[in-house]
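Listed below are the residues making up each chain.
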Amino acid sequence: MADFLHSFWQMRLEHCAEALSENNFSVYIADSPSQAGEIFKGQIFTEMKISSASWGDSLSLKATAILDFLRATPDLHFIDTFEPGIEREESMERRRRALLADLFLTGSNAVTEDGCLVNLDMVGNRVGGLTFGPHHVVVVIGRNKIVENVEAAVERIRRLAAPLNAIRHEGWKMPCVKTSFCMDCKSPQRICNTWTITQKSYPKGRIKVILVNEDLGL
Ligand code: SF4
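Residue numbers run consecutively from 1 along every chain, following the written order of its sequence. A pLDDT threshold of at least 70 governs which residues receive local features in this predicted model, and a stricter bar of 80 or more applies before side-chain atom pairs are shown or counted, although totals over entire chains, interfaces and linings include all residues.

Chemist: Account for the overall build of the protein, naming residues and giving values.
Modeler: The numbering of helices and of strands both runs from the N terminus, where a helix is a DSSP run of H or I of at least 4 residues and a strand a run of E of at least 2. Within the protein, the regular secondary structure consists of eight helices and 10 strands. For this measure, only C-alpha atoms enter the radius of gyration; the expected value for a globule follows 2.2 Å times N^0.38, where N is the number of residues. The C-alpha atoms of the protein give 17 Å as radius of gyration, which agrees with the globular expectation for 218 residues (17 Å, within 12%). For the protein, the C-alpha atoms occupy an extent of roughly 45 × 45 × 30 Å along the three principal directions. Any residue with 12 or fewer other C-beta atoms within 10 Å of its own C-beta is exposed, any with 20 or more is buried, and the rest are partly exposed; the C-beta atoms used are placed from the backbone. With 218 residues in all, the protein has 40% of them scored as buried.

Take a look at the structure:
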């Protein structure tokens, strides 16, 4: 059963990787989050000349241990945007500075079979760093994020990723927290504010995608 599933998803990942490459993304395929971390350390990080790095909130990225590696890297200024215990004001200021880091890492809400990244953001720091600023961007994406096209990506995010993301934050009170369905709310805590479709990487290779043959994130 496990081999059957793995083979199925390997073919889907390779299909998706081909489309992403056509769209100028650099693409890597990993069997697991830990292998994604090894690919980052051995193939991506060693080829970069960077002095600073930061990240946008992502459960998929956290699963790889890449952040721990960067925190422990000597002579690298790591802007820890979500360090536990810091004040909201400090967190927002770090998110602003993250947009000028040499390297920015995050996940994606969806990736389409024709090679686009689709995201929906609350604050905008995640899609901001993805779009412009950092010289290098690394995006970790689990197989569960693959959808047919942009329309399916929007559907996935509105029906699944956004309500789940709201529910995972303790104490938030948007309508989807109570019903599990998006109500297109007007809540001041609304997490659904800015959509992005990254159709191609510009310049070529700026965005490096690691596709992982496991379900990751929301
Ligand atoms: S728009 Fe509001 S109700 Fe819908 S998912 Fe976002 S936060 Fe929840």
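Chemist: Hey, could you go over the site of the ligand for me, with residue numbers and the actual values?
Modeler: In the vicinity of the ligand there are 14 residues, among which Ala-162, Cys-176, Cys-182, Cys-185 and Cys-192 approach most closely. Among the elements of the structure, α7 (150–168) and α8 (175–179) are those that each provide at least two residues to the shell around the ligand. By the convention adopted, Pro, Cys, Tyr, Trp, Phe, Met, Ile, Leu, Val and Ala count as nonpolar, Lys, Arg, Asp and Glu as charged, and the other residues, Gly among them, as polar. Taken together, the residues of the shell around the ligand sort by class into 11 nonpolar, one polar and two charged. Each residue gets a C-beta atom placed from its backbone. If that atom is within 6 Å of a molecule or strand, the residue is near it.

Chemist: Describe the sheet that holds strand β2 (residues 52–55), listing the residues and the values that go with them.
Modeler: Here we have six strands laid out as an open sheet, ordered β1-β10-β7-β4-β2-β3, and parallel in their pairing. Looking at which strands have only one partner, the edges of the open sheet turn out to be β1 (26–30) and β3 (77–79). When strand polarity is set aside, the average angle formed by the axes of neighbouring strands in this sheet is 20 degrees. With respect to the sheet, helix α2 (residues 33–44) is in contact with β1, β7 (136–142) and β10 (207–212), its orientation differing from that of β10 by roughly 150 degrees. Here a strand pair is declared whenever DSSP counts at least two bridges between the two strands. Every axis corresponds to a line fitted to the C-alpha atoms, with the helix fit spanning only the stretch in contact, and the corresponding angles, defined between N-to-C directions, vary from 0 to 180 degrees. By definition, residues are in contact whenever their C-beta atoms, placed on the basis of the backbone, come within 7 Å of each other.

Chemist: Hey, could you go over the nonpolar core for me, with residue numbers and the actual values?
Modeler: Counting residues in each nonpolar core, the largest one holds 52 residues, and the members touching the most others are Val-139, Val-209, Ile-210, Leu-211 and Val-212. In contact with Ile-210, other than residues within four places in its own chain, are Tyr-28, Ala-30, Ala-36, Ile-39, Phe-40, Val-138 and Val-140. We define the nonpolar core as any set of buried residues of the types Ala, Val, Leu, Ile, Met, Phe, Trp, Tyr and Cys, connected via C-beta atoms lying within 7 Å of each other.

Chemist: So what's going on with α7? Which residues, and what values?
Modeler: Relative to the 27 Å expected for 19 residues at 1.5 Å per residue, α7 spans 25 Å between its end C-alpha atoms, a close match to the ideal helical length. Note on bend: the value at a residue is the angle between axes fitted to the seven residues ending there and to the seven starting there. Helix geometry: α7 is bent most strongly at Ile-157, by close to 45 degrees. Those residues of α7 that sit buried are Ala-153, Arg-156, Ile-157, Ala-161, Ala-162, Pro-163, Asn-165 and Ala-166. Buried residues in α7 make contact with β5 (110–112), β6 (117–121), β8 (146–147) and α8. Expected helix span is given by 1.5 Å per residue-to-residue step, counting one fewer step than there are residues.

Chemist: Could you give me a rundown of the pairing of β10, with the residues and numbers involved?
Modeler: Among the six residues in β10, six count as buried, and that is most of the element. In β10, alternate side chains face the same way, and those of Ile-207, Val-209 and Leu-211 on one face and Lys-208, Ile-210 and Val-212 on the other are all buried. Relative to β10, β7 runs parallel, the two being bridged by six bridges. What sits directly across from Val-139, in β10, is Val-209.

Chemist: For the sheet that holds β6, give the residues involved together with the corresponding values.
Modeler: Across a sheet, paired strands are connected by hydrogen bonds in the backbone, their directions being either parallel or antiparallel. The strand order across the open sheet built from four strands is β8-β5-β6-β9, with neighbouring strands paired in mixed fashion. Sheet topology places β8 and β9 (194–198) at the edges, where each strand pairs with a single neighbour. Contacts between α7 and the sheet are confined to β5, β6, β8 and β9, with β6 contributing the most and set at about 35 degrees to the helix.

In short, shape yes, function no, at least from these values alone.
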